[in-house]
Amino acid sequence: MNYIKSILFFLALSFSLNAQNDRDVWVYELTKMADPLLSALADDELKEKMPIEQSSFEYGKRDAFAHLEAFGRLMAGMAPWLELGPDTTKEGQLRGKYTTLFQHAIYNAVNPDSKDYMNFDKGSQPLVDAAFLAQAFLRAPTQLWEPLNDETKRMVIDAFKKARTISNVPYNNWLLFAATVDAFLVKFSNHTDFIRIEYALRKHMEWYVGDGHYADGKYYHWDYYNSFVIHPMLIDVVNVLQETKHPLQSLKVDIIARAQRYAVIMERLISPEGTYPVIGRSSIYRFGAFQALSQLALLEQLPEELSRGQVRSGLTAVMKRLMQANGIYDTNGWLQIGVVGHQPGMAEPYITTGSLYLSSLGFLPLGLTADHDFWVSEGEPWSMVKVWGGDTSVKRDHYSN
């Protein structure tokens, strides 16, 4: 038994005890994912170069949506890191490179005269990915929004206004996509209509089912949409309300407390080997499944029972298992459908190559500086390492209303 405990303990710790190496690996994996996409879009060649993989055509071809999917989702996860700004370090120079690429990329994405001009209003899907792009601006206003020239800002606002015309919004987590687009317009334009924000917040307060989980509309779904969408967008939207002194800003206390309980559960889902249950819709979003935990680390709102060292170690273990699997990329560096490598059968009919870039949302803690405790604290065993290693100090889990 002692031998098994030792194997479990050292297997887990072997993933991530070197704090500096952890951050280096995170930066490497994020930029590896981003480079082909941002480079192509900055050169106005994304539609020419990005492959469109679909394993099912029950919803028809999804080519018209794939490019905004890829760009918006990538930037939502990359934004906090870029918000640190460029500096003279190797990492700071990388941030400068990708911020410059973004400035060219966003111009091409919203300029009607560009080859890579994106679809913001044809069909329903553009509302989803406009919302992820909106998250990017909300998460990095200093580096992604403020440096844009007036012409580009105008075109960006026009693009979001087009997305706002999409009215057939499903009665579920999609309400938060509409709310997030409006939150962008409130923060960065003269938009003062809070109706869709208020509606999304109130409905999600009704849909809360307890223990850190929201139902997705009328019914609860056992999947990771509480992390892909619900907790993070509730937080980002209510943060905008804090700036406007809107009466619903008072919801932030409950929103954060519920997200903290959900984060505790997420951390406990990480096995000693760095795996987690692959359950429910959109499992091919990979590391995006841990956005809620990553976002609380970024916001320095981790619950008391989770140390920064154990969260970093657990997330690093998961990230390596997902992002370093054979077959995750094609020969040109584009993500391929799957969870652990290339597994086309794992995709729903709405999935394309562009959808996969939601994986970037797990990388939010890179928005903390390299000398932050999250990155420099000693790596620690996460909860399941302790439990399955027979650690006598491990504490019981308990529910929260």
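Asker: Please clarify how the overall build of the protein should be interpreted in this entry.
Answerer: In terms of helices and strands, the protein carries 16 helices and two strands. Taken against the 2.2 N^0.38 rule, which gives 21 Å for 401 residues, the C-alpha radius of gyration of the protein at 20 Å falls within 12% of a compact globule. With respect to the principal axes defined by its C-alpha atoms, the protein has extents near 65 × 50 × 45 Å. A total of 401 residues make up the protein; the buried ones form 62% of that total. Total accessible area computed for the protein in this model is approximately 15900 Å², and 52% of it derives from carbon and sulfur atoms. Of the charged side chains in the protein, 38 are positive and 46 negative, and the gap between their average positions amounts to 3 Å.

Asker: It is not clear to me how helix α10 (residues 195–206) should be interpreted in this structure. Could you clarify?
Answerer: Across its 12 residues, α10 extends 17 Å between first and last C-alpha, which sits within 8% of the 16 Å expected from 1.5 Å per residue. For α10, the set of buried residues is R196, I197, A200, L201, K203, H204 and M205. Buried positions along α10 lie against α8 (150–164), α9 (174–188), β1 (208–210), β2 (213–214), α11 (225–244) and α12 (252–268).

Asker: Help me understand the nonpolar core, please; the structure alone is not making it clear to me.
Answerer: For soluble globular proteins, the rule of thumb is that nonpolar side chains tend to be buried together. The biggest cluster of nonpolar side chains holds 138 residues, and the ones touching the most others in it are F71, M75 and F137. A total of 12 residues in this core trace back to one element, the largest contributor, which is α9. Among all residues touching M75, those that are not within four sequence positions of it are L38, L82, F102, L133, A136 and L144.

Asker: Explanation requested: the packing of helix α4 (residues 63–82) against helix α5 (residues 90–110) in the structure shown.
Answerer: Relative placement of two packed helices is described by the angle separating their axes and the distance separating the axes. Two elements in contact, α4 and α5, have axes separated by 11 Å at closest approach and are oriented at 145 degrees. The handedness of the crossing between α4 and α5 comes out as left-handed. Residue-level contacts link F71, M75, M78, W81 and L82 of α4 to E91, L94, R95, Y98, T99, F102, A105, I106 and A109 of α5. In terms of residue class, the contact of α4 with α5 is made up of 11 nonpolar, one polar and two charged.

Asker: Whenever I open this one, the packing of aromatic side chains confuses me. Can you help?
Answerer: The description of an aromatic ring pair rests on the distance of the ring centres and on the angle between the ring planes. The final tally for this structure, using the stated rule, is 27 aromatic pairs. Between W145 and F188, the ring centres sit 4.9 Å apart and the planes meet at 40 degrees, which makes this aromatic pair tilted. Of this pair, W145 sits in helix α7 (residues 141–145) while F188 sits in helix α9, and the two are 43 residues apart along the sequence. For the pair shown, W145 and F188 are each scored as buried. With a centroid separation of 5.2 Å and 85 degrees between ring planes, the pair formed by F287 and F363 is classed as edge-to-face. One end of the pair, F287, is in the loop between α12 and α13 (291–298); the other, F363, is in the loop between α14 (308–323) and α15 (373–376), and 76 residues separate them in sequence.

Asker: Would you mind going over the packing of α12 against α13 with me for this structure?
Answerer: In contact at an axis separation of 8 Å, α12 and α13 are set at 120 degrees when each is read in the N-to-C sense. Of the possible angle classes, the one that applies to α12 and α13 is oblique. Here α12 runs over α13; the crossing is left-handed. Between α12 and α13, the residues in contact are A259, Q260, Y262, A263, M266 and E267 and A292, L293 and L296, respectively.

Asker: Hey, could you run me through the side chain of T316 in this one?
Answerer: By secondary structure assignment, the location of T316 is in helix α14. When its relative accessible area of 0% is taken as the criterion, T316 is described as buried. Engagement of the side chain of T316 in a polar contact is seen with the side chain of W26, the distance being 2.9 Å.

Asker: Sorry, what's going on with a nonpolar patch on the surface here?
Answerer: Taken together, the side chains of V209, Y220, W222 and I279 make up a nonpolar region of the molecular surface, amounting to roughly 370 Å² of accessible area. Position of V209 among the secondary structure elements: in strand β1.

Asker: Teacher, can you tell me more about the side chain of E29 here?
Answerer: Within the element layout of this structure, E29 appears in helix α2 (residues 19–42). Buried charge without a partner: E29 forms no salt bridge, and the closest opposite charge is K32, 4.8 Å away. Filtering out sequence-adjacent residues up to four positions away, E29 remains in contact with M319, M323, Q324, Y329 and F363.

Asker: Explanation requested: α4 in the structure shown.
Answerer: Each full turn of the α-helix corresponds to 3.6 residues, which orients residues three or four apart in the same direction. An ideal rise of 1.5 Å per residue puts 28 Å on 20 residues; α4 measures up with 28 Å between its terminal C-alpha atoms. By the largest-angle criterion, A76 marks the main kink of α4, which is about 40 degrees, and a proline, P80, follows within four residues. Burial of α4 is extensive: 18 of the 20 residues sit out of reach of the surface.

Asker: So what exactly am I meant to see when it comes to unusual backbone geometry here?
Answerer: For residues besides glycine, phi is generally negative; the peptide bonds are generally trans as well. With a phi close to 55 degrees, D211 is a non-glycine residue in the positive phi region. Note on placement: D211 falls in the loop between β1 and β2. Phi at R286 takes a positive value of approximately 50 degrees, unusual for a residue other than glycine. For R286, the location among the structural elements is in the loop between α12 and α13. Under the relative-accessibility criterion, R286 is labelled buried at 1%.

What counts and how
The residue numbers shown here count from 1 along each chain, following its written sequence. For this predicted model, a pLDDT threshold of at least 70 governs which residues receive local features, and a threshold of 80 or more governs which side-chain atom pairs are given and counted, while totals over whole chains, interfaces and linings are taken from all residues. To obtain the side-chain values, all non-hydrogen atoms of the structure were included, while hydrogens and water were left out. Each helix is a run of DSSP H or I of at least 4 residues and each strand a run of E of at least 2, with the numbering of both proceeding from the N terminus. Computation of the radius of gyration draws on C-alpha atoms alone. For the globule rule, the value is 2.2 Å times the number of residues to the power 0.38. Think of it in three bands: residues with accessible area under 20% of the maximum for their type are buried, residues over 50% are exposed, and the middle band is partly exposed, with areas taken using a 1.4 Å probe on protein chains only. The protein chains shown are the only cover counted for residues, whose accessible areas, like all others here, come from Shrake-Rupley with a 1.4 Å probe. The convention is simple: Lys and Arg are positive, Asp and Glu are negative, and His and the chain ends are not counted. Working definition for charges: the position is that of NZ of Lys, CZ of Arg, CG of Asp or CD of Glu. For a helix, the expected span equals 1.5 Å multiplied by the number of residues minus one. Residue contacts follow a heavy-atom distance rule, with two residues in contact if any of their heavy atoms lie within 4.5 Å. To form a nonpolar core, buried Ala, Val, Leu, Ile, Met, Phe, Trp, Tyr and Cys residues must be joined to one another through side-chain atoms within 4.5 Å. Note on geometry: axes are lines fitted to C-alpha atoms, helical ones only across the stretch in contact, with angles between N-to-C directions running from 0 to 180 degrees. The sense of a crossing depends on the near helix, which, turned anticlockwise from the far helix by less than a right angle, makes the crossing left-handed and, turned clockwise, makes it right-handed. Note that Gly is not counted as nonpolar here; it falls among the polar residues with everything else outside the nonpolar set of Ala, Val, Leu, Ile, Met, Phe, Trp, Tyr, Cys and Pro and the charged set of Asp, Glu, Lys and Arg. Under the pairing criterion, centres of Phe, Tyr and Trp rings, with the six-membered ring standing for Trp, must be within 6.5 Å; the plane angle then separates stacked pairs below 30 degrees from edge-to-face pairs above 60, leaving the rest tilted. For classification purposes, angles smaller than 35 degrees are called roughly parallel, those larger than 145 roughly antiparallel, those between 65 and 115 roughly perpendicular, and all remaining angles oblique. Identification of polar contacts relies on pairs of N or O atoms within 3.5 Å, with a donor-acceptor requirement for protein atoms, meaning one able to donate a hydrogen and the other able to accept it, and with residues adjacent in sequence counted only if both atoms are side-chain atoms. Only residues above 30% relative accessible area that lack a salt bridge enter a patch, with like-charged residues linked at up to 9 Å and the nonpolar side chains Val, Leu, Ile, Met, Phe, Trp and Tyr linked at up to 5 Å. Salt bridges, as used here, are contacts in which a Lys or Arg side-chain nitrogen is within 4 Å of a carboxyl oxygen on Asp or Glu. Bend at a given residue is defined as the angle between two axes, one fitted to the seven residues that end at that position and one fitted to the seven that begin there.

Nothing here speaks to function; it is all geometry.
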